[in-house]
Amino acid sequence: MSRFLNEKYSSLKPYVPGEQPQDMPRLIKLNTNESPFPPSKKVLEVITPEQSSRLRLYSDPECRPLTDMIAKFYKVMPSNVITGNGSDEILSFCFQAFCPNGAVFADITYGFYKVFAQFYGIDAQIIPLRDDFTIEVDDYAQATGTVFIANPNAPTGIALTLDKIERLLKQNPERLVIVDEAYVDFGAQSAVELLPYYSNLLIVQTFSKSRSLAGARLGFAIGSDELIADLNKMKFSFNPYNVNRLSILAGAAAMADVKYFDSCRKEIMAIREYTVAQLKCLGFTVPNSSTNFIFAGYPERFSGQAYYDFLRSRGILVRHFGEPRTTDFVRITVGLRSDMDEFLSVTSEFLEGIE
Ligand SMILES: *Cc1c(COP(=O)(O)O)cnc(C)c1O
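Enquirer: Mind showing me how you'd approach the packing of helix H3 (residues 66-74) against helix H8 (residues 245-256) here?
Expert: Look at H3 against H8: their axes get within 8 Å of each other, and the N-to-C directions meet at 20°. Accordingly, the angle class assigned to the pair H3 and H8 is roughly parallel. Seen along the crossing, H3 lies across H8 with a hand that is left-handed. Within the contact between the two elements, H3 uses Leu 66, Met 69, Ile 70, Phe 73 and Tyr 74 and H8 uses Ile 248, Gly 251, Ala 252, Met 255 and Ala 256. Partitioning the contact of H3 with H8 into residue classes produces nine nonpolar, one polar and no charged.

What follows is the structure, encoded as structure tokens:
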């Protein structure tokens, strides 16, 4: 720490991203929930030399045609959509703008919520998941701060049904509920259809998981005209050109290619179901996943760290979260079927080794 850093950031604990090895000699990377499939061919087609040469110009601060495509896909107006440099940027604006009475989120959820709360000096009310890692929405009834719900939740993979989300919205119409749907395309139901009925609902999504564009850094929010106008106020006070020219084109093309999107997510769900069934056969505890990752452990036999280390030594990268309640588990991104077969065979070997 230099002597120039503002004292208020001296104890800031930044987010720790999963490892991103830049050259991967035969590593199987199942640690940051990226898609194993490349972006749509339509994406590759729009990133032309001509478009690249236009990088000399600033990008469109309104991010058209991307916002228009998102609006069309979700059957809302473009004024109900804002795009960001990853959904992390949108979430950051939400913490900064919408939490005058604090923020409320689960003890086990997306790790960035805690970081943003600390970054902006926001009081965080932490509501523990139940013992089976589920969220009980009634536990939020008395909470007055802005609620952040990852649905499905990470790293557990468990989804809430829409009537549970609706119940959360009804608890207090004066309290904003932000639903982070980073993984919703892998088997959960989006709350977008509730928007006409609840003005205290904001939905955040990303192109990083189901649309194979993690490296393009693209996220978006959908909400009332007023909420989106507020978020635009934040954006235009921070970085009006927050999404670069090529990502705007890439995102619009990915949104338009519904067929490819559907085939990728269906295949990932099928590979997930196959992998979960195999893990359960081996004796693992696996909560029901509605995401592109699997949260798995075998608390009676080994620690998450030992399993992580063994997989790592065999060139398979997964994620281990060492918090007390998650330490017995690892989070495994669903990769190609061949990746998962390799993962399962190394897992069997690990189990044999400890017998
Ligand atoms: C991956 C993820 C994000 C962030 O996605 P980016 O768009 O890549 O910034 C947000 N929320 C959750 C729950 C995630 O898992």
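Enquirer: Looking at this structure, I do not really get the sheet that holds strand S2 (residues 81-84). What am I missing?
Expert: Two orientations exist for strands paired in a sheet by backbone hydrogen bonds: parallel and antiparallel. Reading across from one edge, S2-S8-S7-S6-S5-S3-S4 is the order of the seven strands in this open sheet, with mixed pairing throughout. At either margin of the open sheet sits one strand with a lone partner, and together these are S2 and strand S4 (124-127). Strand after strand, the sheet turns through a mean of 20° between neighbouring axes, direction not considered. Two elements, strand S7 (residues 201-206) and strand S8 (residues 219-222), share four bridges in a ladder whose sense is antiparallel. The partner of Thr 206 across the bridge, within S8, is Gly 219. Of the strands in this sheet, S2, S7 and S8 touch H3, which is tilted by about 130° from S2.

Enquirer: Please clarify how the site of the ligand should be interpreted in this entry.
Expert: Near the ligand you find 13 residues, and of these Ser 87, Tyr 183, Thr 206, Ser 208 and Lys 209 are the closest. Note that a nitrogen atom of the ligand is positioned 2.7 Å from one of the side-chain N or O atoms of Asp 180. In this structure, Arg 217 approaches the ligand through a side-chain N or O atom, which is 2.8 Å from an oxygen atom. When the ligand sits alone it has 390 Å² of accessible area, and the protein chains cover 93% of it. With three residues, the top contributor of residues to the shell around the ligand is helix H4 (residues 87-98). For the shell around the ligand, the residue count by class is five nonpolar, four polar and four charged.

Enquirer: So what exactly am I meant to see when it comes to the packing of aromatic side chains here?
Expert: Two aromatic rings, taken as a pair, are described by how far apart their centres are and by the angle between their planes. Inspection of every chain in the model, using the stated rule, returns 32 aromatic pairs. Through a chain of ring-to-ring contacts, three or more aromatic side chains come together here, namely Tyr 15, Phe 95, Phe 105, Tyr 110, Phe 112, Tyr 113, Phe 116 and Phe 148. Sitting over the face of the ring of Phe 261, Arg 211 holds its NZ or CZ atom 3.9 Å from the ring centroid. The ring of Phe 293 has Arg 331 lying over it, and the distance from NZ or CZ to the ring centre is 5.6 Å.

Enquirer: Can you walk me through the pattern of salt bridges in this structure?
Expert: Note that side chains of opposite charge can pair when their charged atoms are close. The full count for this structure, using the stated rule, is 12 salt bridges. One salt bridge in this structure joins Lys 29 and Glu 34, with 2.8 Å as the shortest N-O distance. For Lys 29, a relative accessible area of 18% gives the class buried. Glu 34 gets classed as partly exposed once you look at its relative accessible area, which sits at 27%. A salt bridge links Asp 138 to Arg 167; the shortest N-O distance between them is 2.9 Å. Highlighted residues: Asp 138 in the loop between S4 and strand S5 (146-150) and Arg 167 in helix H6 (residues 162-171), separated in sequence by 29 residues. The network of salt bridges with shared partners includes Glu 62, Arg 64 and Asp 68.

About the criteria used
- In this numbering scheme, every chain counts its residues from 1 along its sequence in written order.
- Per-residue local features are limited, in this predicted model, to residues with pLDDT of at least 70; the limit for side-chain atom pairs, both in listing and counting, is 80 or more; totals at the level of whole chains, interfaces and linings are taken over all residues.
- Where side-chain values are given, they derive from all heavy atoms of the structure, hydrogens and water being excluded.
- Working convention: axes come from line fits to C-alpha atoms, limited for helices to the stretch in contact. Angles between N-to-C directions cover 0 to 180 degrees.
- Each helix is a run of DSSP H or I of at least 4 residues and each strand a run of E of at least 2, with the numbering of both proceeding from the N terminus.
- Should an angle fall under 35 degrees it is called roughly parallel, over 145 degrees roughly antiparallel, and 65 to 115 degrees roughly perpendicular, with every other angle called oblique.
- By convention the crossing between two helices is left-handed if the near helix lies anticlockwise of the far one by an angle smaller than a right angle, and right-handed if it lies clockwise.
- We call two residues in contact whenever any of their non-hydrogen atoms come within 4.5 Å of each other.
- Each residue gets one label: Ala, Val, Leu, Ile, Met, Phe, Trp, Tyr, Cys and Pro are nonpolar, Asp, Glu, Lys and Arg are charged, and the others, such as Gly, are polar.
- Should DSSP find at least two bridges between two strands, the strands are regarded as paired.
- Note on terminology: near, applied to a residue and a molecule or strand, indicates that one of the residue's heavy atoms is within 4 Å of it.
- Contacts described as polar in this section are N or O atom pairs within 3.5 Å, which, within protein, must combine one atom able to donate a hydrogen with one able to accept it, while residues neighboring in sequence count only if both atoms come from side chains.
- Areas reported here follow the Shrake-Rupley algorithm with a probe of radius 1.4 Å; residue values treat only the protein chains shown as occluding.
- Two rings from Phe, Tyr or Trp (for Trp, the six-membered ring) form a pair when their centres are within 6.5 Å of each other. A pair whose planes differ by under 30 degrees is stacked, one over 60 is edge-to-face, and the rest are tilted.
- Whether a charge lies above a ring is judged from NZ of Lys or CZ of Arg, which has to be within 6 Å of the ring centre and within 35 degrees of the ring normal.
- Here, a salt bridge means any side-chain nitrogen of Lys or Arg that lies within 4 Å of a carboxyl oxygen of Asp or Glu.
- Relative accessible area decides the class of each residue, using a 1.4 Å probe on protein chains only: under 20% of the type maximum gives buried, over 50% gives exposed, and in between gives partly exposed.

All quantities given are derived from atomic positions and should not be read as evidence of function.
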